[in-house]
Amino acid sequence: HPSREVTVDGFERTLQSNHLGHFLLTSLLFESNLATRDGRGCTVINVSSITHRCAEETHGEQRTEADFGYDFDNMNCDIAYSGEAYCQAKLANVLFTRELQRRADLHTPGWLTAVSLEPGGVATDIWRNVLGYDPRTFDKRCDSGEELSQPPNRGIIDKLSSRVFYRVATQVERGANVQIWLAYLHASERKAIKRGQHYDEFRTVRP
């Protein structure tokens, strides 16, 4: 989002929609025993982003030398807000996955598999605030009930490059390939999934 917003719950909107929602859903599945009721255990698949690698512990400041990692002092973007909020939220997905796996293994090894993934650069609606190009049709935007406004005043080069991006980026339908593959492995042969690990769009485990 181009500017900082706080939800009715008091959390910065990017953090809540991209991470706290994942956390809450997982917690509620365990609370209601939906995650374990069939006796076979379960697999938790968190969709992160390649941008998690860009998270910096800088409180939004411009620095020549940045410490890469989660900015715990600026979790709610109270100190500063920027596009960094998305990178932080996506790193939180990965850290949550690893910690969930660690705790599950301490409790009863083997009953839960937690993995995270990055689907690659997918041509979704999320890019419209960054690239200034909205891939949706006018009718779709009207149907969603949003207030339509003119896109940011950008040069012809920016407009052309954004259109090229939407042509070459992974299309939305293919952007779900990795999570579907991981869900299939859970249903067929769970041992093939490396617990607590992070997968890229090529189904390869990344450090």
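Above: the structure in question.
The notes below deal with the structure included here. A quick note: this is a predicted structure, and the numbers were derived from the prediction, not measured.

1. What about the overall build of the protein chain?
Point 1. Across its full length, the protein chain holds six helices and four strands.
Point 2. Along the protein chain, from the amino end to the carboxyl end, the secondary structure elements read α-β-α-β-α-α-α-α-β-β.
Point 3. Burial analysis of the protein chain (207 residues in total) assigns 34% to the buried set.
Point 4. Within the protein chain, contacts between residues at least 6 apart in sequence are counted, and of these 65% link residues at least 24 apart.
Point 5. Within the structure as shown, the protein chain displays about 13100 Å² of accessible surface, and the carbon and sulfur contribution to it stands at 54%.

2. Some points on empty space enclosed by the protein
The method is simple in principle: a probe with the dimensions of a water molecule rolls over the atoms, and the space it marks as empty is what remains.
Point 1. This structure, assessed with the given rule, holds one cavity of 30 Å³ or more.
Point 2. In this structure, the largest cavity occupies an estimated 110 Å³ of space.
Point 3. Taken together, 17 residues make up the lining of the largest cavity; nearest its centre are Asn-74, Cys-77, Glu-84, Ala-85 and Gln-88.
Point 4. Sort the elements by how many residues they give to the lining of the largest cavity and helix H2 (residues 84-107) lands first, with four residues.
Point 5. Within the lining of the largest cavity, the residues separate by chemical class into eight nonpolar, five polar and four charged.

3. A few points about the pairing of strand S2 (residues 112-117)
Looking along a regular strand, one sees side chains alternate from face to face of the sheet.
Point 1. Buried residues dominate S2, accounting for six of its six residues.
Point 2. The two faces of S2 match: Leu-112, Ala-114 and Ser-116 on one face and Thr-113, Val-115 and Leu-117 on the other face are all buried.
Point 3. In this structure, strand S1 (residues 42-47) lies alongside S2, joined through six bridges in parallel fashion. Considered in S2, the bridge of Cys-42 is made with Leu-112.
Point 4. By the bridge criterion, two bridges tie S2 to strand S3 (residues 198-199) in an arrangement that is parallel. Following the sheet pairing, Leu-117 is matched in S3 by Tyr-199.

4. Examining the packing of helix H1 (residues 13-31) against H2
Point 1. It is at 7 Å that the axes of H1 and H2 come closest, and there the two elements cross at 20 degrees. When the axes of H1 and H2 are compared, the pair comes out roughly parallel. With respect to the hand of their crossing, H1 and H2 are arranged in right-handed fashion. Mapping the contact onto sequence places Thr-14, Leu-15, Asn-18, His-19, His-22, Phe-23, Thr-26 and Phe-30 in H1 and Ala-85, Tyr-86, Ala-89, Lys-90, Ala-92, Asn-93, Phe-96 and Leu-100 in H2.
Point 2. Residue classes in the contact of H1 with H2 are distributed as nine nonpolar, six polar and one charged.

5. Brief notes about the environment of Arg-195
Point 1. Relative to the elements of secondary structure, Arg-195 occurs in the loop between helix H6 (177-188) and S3.
Point 2. For the pair Arg-195 and Asp-105, spaced 90 residues apart in the sequence, the C-alpha separation amounts to 9.7 Å.
Point 3. Side-chain polar atoms of Arg-195 contact the backbone oxygen of Leu-112, separated by 3.3 Å.

The rules behind each value
- Residues numbered from 1 in each chain as written.
- Predicted model: local features only at pLDDT ≥ 70, side-chain atom pairs only at ≥ 80, totals over all residues.
- Heavy atoms only, no water.
- Helix = DSSP H or I, 4+ residues; strand = E, 2+ residues; numbered from the N terminus.
- Buried < 20%, exposed > 50% of the residue type's maximum accessible area, 1.4 Å probe, protein only.
- Contact = heavy atoms within 4.5 Å.
- Areas by Shrake-Rupley, 256 points an atom, 1.4 Å probe, with all protein chains shown as cover.
- 1 Å grid on protein atoms, 1.4 Å probe; cavity = no way out; pocket = protein on both sides within 12 Å on 5 of 7 lines; lining within 4 Å.
- Points joined across faces, edges and corners; volume = space filled by probe spheres on them.
- Nonpolar A, V, L, I, M, F, W, Y, C, P; charged D, E, K, R; others polar.
- Pairing = 2+ DSSP bridges.
- Axes fitted to C-alpha atoms, helices over the stretch in contact; angles between N-to-C directions.
- Parallel < 35°, antiparallel > 145°, perpendicular 65-115°, else oblique.
- Left-handed = near helix turned anticlockwise from the far one by under 90°.
- Polar contact = N/O pair within 3.5 Å; in protein donor to acceptor, adjacent residues only side chain to side chain.

In short, the description is geometric, and any link to function would need to be established separately.
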